[in-house]
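Fold and geometry: a report
As a plain string of letters, each chain reads:
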Amino acid sequence: MTKRIFRGIVLTAIIAVLLASMLTGISIYRYSEARAIEELRSSAGYILLGLSRSEDETAYFQGFSSQDRVTLVDGNGNVLYDNQADATSLENHLDRPEIQAALRDGTGESRRYSNTLAEMTFYYTARTSAGNVLRIANTRSSALGMYLHMLPLMVVITLAAVLGSLLVARVVAKRIVAPMNALNLDAPLENDVYDELSPLLLRMERQRQEIARQMRQLAERKSELSAIAENMREGLVLLDPRGMVLSMNESAAAIFGVSAKQYIGEDMLCVNRDAAVRDALLAAENGGSADDIWEQNGRYYRLLASPVLQDSETMGIVLLMLDTTEKYAAEISRKEFTANVSHELKTPLTSISGYAEIMRDGVARPEDVQKFSSRICQETSRLIALINDILELSRLDEKKGLGVRERVNLLELSRDVVGRLEPLAREKSISLTLKGENCQISGYPLLLNEMFCNLVDNAIRYTPAGGNVDVRVGVEEGKPAFCVSDTGIGIPAEHQPHVFERFYRVDKSHSKATGGTGLGLSIVKHGAEIHGAEIRLESEPGQGTRIQLVFPAD
Ligand code: ADP
C-alpha cells in the first residue's frame, strides 16, 4: 500500500508538472503569436503611411532598413522590392495565400513553417494606395521550437518536482499507512482510525464472529466424533490414501495390541503386517472395499475396509473391526451340532434298518425275531428320546414354549421327579431318597421338571447297583438350591468342564447302554441360564458325583 501511495503521488507530480508546462507553453506561444501579428500590423501601418506619401513606391524603399522582411509585390504577383533578397531573382508571389487575401480583401495574414519545423514565419499583407501589395514577414520559433528551447528547463523543473514529490510521498505514505499497521484485528470495532475504514472494520468484525462460531461448531463436532469413536466397541482406524494412520480409537489399539498415539502418522504396516489386513487395505487403496474374517489373539474379527471417495478420488481409507468371536463360535458349534445330530440319528436308524431287513428277508430264526423286535423297539425309543431332547434344546435356544413364569415349590417338584424315577432306581437296586424343606423360586415348572429329571436320571444311570442317590432341596447361603448326589462312577477331572457340552459323553458305550442321549446336561445348563441359576459340580471317579443348582434369592 505504501508503494502504491508513493507511486501515485510521484506520478501525479510528474503529470502535473508536464501538464502545467505544456499549458503554460501553449498560452505563452499563443500570446507571442498574437504579439507577432500585432507588431507586423503596426510596422505595416507605418510603411503604408510612408508609401502613400511617396509617388514611386519602389523608390520609397531606397535606404530602407528593417529587422522584418519587407516585400512589395505588384498586382500580378511580381516582386518589386524585397529588403532581404534581389527582387528580380524572386519568383512570382501571386499564389501566396496572404497576397491573394490582400488583393481580394485589402489585408491578409498567413503563417508557414520555415526551412525547419522549429521555425514559423508570420506574414501580414496590405494593399497599397498604388494597388501593389506590401508584405511584412517575421520568423520566430514555432510551438515545437519553443518547446525544444524550453526542454532543458522543463527537465530540470520535472526532476526537481519528482525529487520533491518523492520526499513528500515518503512522508505522506508513511503517515497514511502507520495507523493501519497499528490496527487491532482481534477487536476491529475498537479501532478509531479513518472513517473510510469503518465499513471494512465492521465487516471484519462480522466475519471474525462468524469464523469464531464456525470454529466452535467444528470443535464441538470433532469432540462428538472422537467421543463416539473412543466409546465404540468396534475398532476404527482412519488412514490417508497412502496407508498412513490418521487416527485410531482405543478399541482398535487394543485389538492390534499397540498404543494408538505412538502410531499416528506411521505406516499401517508398522501396526500390523497380517496378510488379511494388508489385502483389505490394498483393496481399499484401489478404490474397492474388503470384507473378511481375521483372527487375532484367538478372537475373530470381521475386517471391513472401504475408501473415502470425493469426486471419485480416494481421500482416505476407513478400517473397521467388529468382534465376531461369539457369532463365529456359535456358527461353528451349530455346524458341529448338526453334524453330531446326523451322526447320533444315523446309528439307531442303521440298526433298526438292519434288523428290519433281516426279518423281512426271512433269514432270522423264529426265536431271534422276538429279540430283534425288542432291539428295534429299544432303538426307536432312543431315537424318540434323542429327538425330544433335540427339540427341547432348540426350544430353549429360541426361548420358546417355556410357558408362564410362576412360583414353583422346589420340594414339591422334586417329590414328583423322584416319584417318577423310583421304579428305575428300584430296578437297579439303588436307594433313592429325598430330603429338604419347602422353598420357592420364580421359574418355569416344566423346564425345571425336565432339568431335575435329567440330573436324577443321570445319577441313577451312572451309579452301580446297591448305590445311593440323595436329592436335597433347601437354602444354601441364603439361596434356594436343588442338589443330587450319588455314589456312582464319578466324572474324571479332565472331563468335568465338558460334560455340559452337547453330545459330550465321558464313556460313550456306557451312556448309550443306559439310554443316554448326550444332551441331558446341556438341557440342564440351558435351563440354569434361563433361571439365572449357578451349577456346581463336584465329582470323584469311583466315589460319586454331586451336582447342585443354586437359584438366585428372590
Ligand atoms: P447322557 O445322556 O450321555 O447321560 P448327559 O448330557 O446327561 O448325557 O451327560 C453327559 C455325560 O456326563 C455322560 O455321558 C456321563 O459320562 C457324564 N455324567 C453325567 N451325570 C453323571 C453322573 N451322575 N455320574 C457320572 N457321570 C455322569
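Here is what the cut-offs are and how they apply
Residues numbered from 1 in each chain as written. Predicted model: local features only at pLDDT ≥ 70, side-chain atom pairs only at ≥ 80, totals over all residues. Heavy atoms only, no water. Pairing = 2+ DSSP bridges. Helix = DSSP H or I, 4+ residues; strand = E, 2+ residues; numbered from the N terminus. Axes fitted to C-alpha atoms, helices over the stretch in contact; angles between N-to-C directions. Contact = heavy atoms within 4.5 Å. Buried < 20%, exposed > 50% of the residue type's maximum accessible area, 1.4 Å probe, protein only. Parallel < 35°, antiparallel > 145°, perpendicular 65-115°, else oblique. Left-handed = near helix turned anticlockwise from the far one by under 90°. Nonpolar A, V, L, I, M, F, W, Y, C, P; charged D, E, K, R; others polar. Core = buried A, V, L, I, M, F, W, Y, C linked by side-chain atoms within 4.5 Å.

Description of the sheet that holds strand β17 (residues 544-550)
The sheet built from five strands is open, its strands ordered β12-β14-β15-β17-β16 with mixed pairing. Unpaired on one side and paired on the other, β12 (431-436) and β16 (534-540) mark the two borders of the sheet. Strand-to-strand twist of the sheet, defined as the mean angle between neighbouring strand axes without regard to direction, takes the value 10 degrees. Bridge count between β16 and β17: seven bridges; the pairing is antiparallel. Residue pairing in the sheet places Glu534 in a bridge with Val550 of β17. Helix-sheet contacts for helix α12 (residues 445-461) involve β12, β14 (468-476), β15 (479-486) and β17, and the interaxial angle to β15 is about 25 degrees.

Some points on the environment of Ile387
One can find Ile387 in helix α10 (residues 366-398). On the basis of relative accessibility, which here comes to 39%, the residue Ile387 falls in the partly exposed class. It is 22 Å that separates the C-alpha atoms of Ile387 and Ala459, two residues lying 72 residues apart in sequence.

Thoughts on the packing of α10 against helix α14 (residues 520-531)
Between α10 and α14, the shortest axis-to-axis distance is 10 Å and the interhelical angle comes to 20 degrees. By the criterion of interaxial angle, the relationship of α10 to α14 is roughly parallel. Classified by chirality, the crossing of α14 by α10 is left-handed. Counting all contacts with α10, which are made through Asp389, Glu392, Leu393, Leu396 and Asp397, the residues of α14 involved are Gly520, Ser522, Ile523, His526, Gly527 and Ile530. For the contact of α10 with α14, the class distribution of residues is four nonpolar, four polar and three charged.

A word on the nonpolar core
Ranked by internal contacts, the top residues of the largest apolar core, which has 48 residues, are Leu432, Phe452, Val456, Phe482, Leu549 and Phe551. Those elements that place two or more of their residues in this core are α9 (325-360), α10, α11 (410-427), α12, β14, β15, α14 and β17. Those residues within four positions of Phe551 in sequence are excluded, and the remaining contacts are Leu410, Ile441, Leu448, Phe452, Lys479, Pro480, Phe482, His531 and Ala533. By size, the runner-up hydrophobic cluster in this structure holds 26 residues, among which are Val237, Val258, Ala280 and Met321.

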